[in-house]
Amino acid sequence: MDWYLIVKFLHVTLAVAWVGGGVCLVILAILADRARDRTEFLAAMGGIVKIAPVVFIPASIAVLLSGLAMVWLGGLMWDAWLIIGLGGSATASAIGALGLGPLSARIISLSGEPGREVDFYAASRRFLRLAKFDYVVQFSTVFAMVVKPGWSDVAILTAMAVLIALAATLITAPAPEAEIA
């Protein structure tokens, strides 16, 4: 076994932890939000906020760095799938660092303040909307890594771009306000 395969194994394992773990927590929060169950919602948001700096941030950085290492070790060319993969990892990492991270800090600060429940739920819902978009980016990245479209695969590349653009417009749409019991 050579270094490329070792780095590839680490890359895939970390991507599974990052994407799989995060999507499970986001689904739990979405289900609790829809059920209007305050205790479940707080537990799900608390889990996301606690796990992000311990698992998701280090994994996202390691996925990006191991991807770059694989390019170097494997002598890979700058094909469409590779640029999409590196760009998708970098974009998802930026969404986490610049959007989800600050929202997490706000959620934590609001969670213990009496009389700030409305602000807490508004910040939590913004977090969930941004997290949903983040996972569209991440699953698009995983799709590109598996399918490996080339520059000539215009239909695949266009479909991916349209999907991400639609997801981006959905996160900017006003969210319905609902009270959690």
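Residues numbered from 1 in each chain as written. Predicted model: local features only at pLDDT ≥ 70, side-chain atom pairs only at ≥ 80, totals over all residues. Heavy atoms only, no water.

A. Up close: the pattern of salt bridges. By the definition in use, this model includes two salt bridges. For the salt bridge of R116 with E113, the shortest nitrogen-to-oxygen distance reads 3.1 Å. For R116, a relative accessible area of 27% puts it in the partly exposed group. Among the residues examined, E113 registers a relative accessible area of 32% and is labelled partly exposed. One salt bridge connects D119 with R116, and the closest N-O pair in it is separated by 2.7 Å. Connected through shared salt-bridge partners, E113, R116 and D119 make up one network. (Salt bridge = Lys/Arg side-chain N within 4 Å of Asp/Glu carboxyl O. Buried < 20%, exposed > 50% of the residue type's maximum accessible area, 1.4 Å probe, protein only.)

B. Structural view of the packing of helix α2 (residues 38-74) against helix α3 (residues 80-111). Taken N-terminus to C-terminus, the directions of α2 and α3 make an angle of 160°; their axes are 10 Å apart at the nearest point. As summarised for this structure, α2 and α3 are arranged roughly antiparallel, according to the angle between their axes. The chirality of how α2 crosses α3 is left-handed. Where α2 abuts α3, its residues M45, V49, S60, V63, L64, G67, L68 and V71 lie against L82, L86, S89, A90, S93, S104, I107 and I108. Looking at the contact of α2 with α3, its residues break down into 11 nonpolar, five polar and no charged. (Axes fitted to C-alpha atoms, helices over the stretch in contact; angles between N-to-C directions. Helix = DSSP H or I, 4+ residues; strand = E, 2+ residues; numbered from the N terminus. Parallel < 35°, antiparallel > 145°, perpendicular 65-115°, else oblique. Left-handed = near helix turned anticlockwise from the far one by under 90°. Contact = heavy atoms within 4.5 Å. Nonpolar A, V, L, I, M, F, W, Y, C, P; charged D, E, K, R; others polar.)

C. Seen up close, a nonpolar patch on the surface. Residues M1, W3, L5, I6, F9, L10, W72 and L73 make up a contiguous nonpolar surface patch of roughly 1,000 Å² in combined accessible area. Those elements giving two or more residues to the nonpolar patch turn out to be α1 (3-35) and α2. Ranked by residue count, the leading element in the nonpolar patch is α1, at five residues. Structurally, the position occupied by W72 is in helix α2. (Patch = residues over 30% accessible without salt bridge, like charges linked within 9 Å, V, L, I, M, F, W, Y side chains within 5 Å. Areas by Shrake-Rupley, 256 points an atom, 1.4 Å probe, with all protein chains shown as cover.)

D. Layout of the environment of G21. Within the fold, G21 resides in helix α1. G21 sits in the partly exposed class, given a relative accessible area of 27%. For the pair G21 and K50, spaced 29 residues apart in sequence, the C-alpha to C-alpha distance is 13 Å. Setting aside its immediate chain neighbours within four residues, G21 contacts V16 and F56.

E. Quick look at helix α4 (residues 117-147). Between the first and last C-alpha of α4 there are 44 Å, a value that for 31 residues agrees with the 45 Å anticipated at 1.5 Å per step. Following α4 by one or two positions, K148 adopts a phi angle in the positive range, close to 55°. (Expected span 1.5 Å × (residues − 1).)

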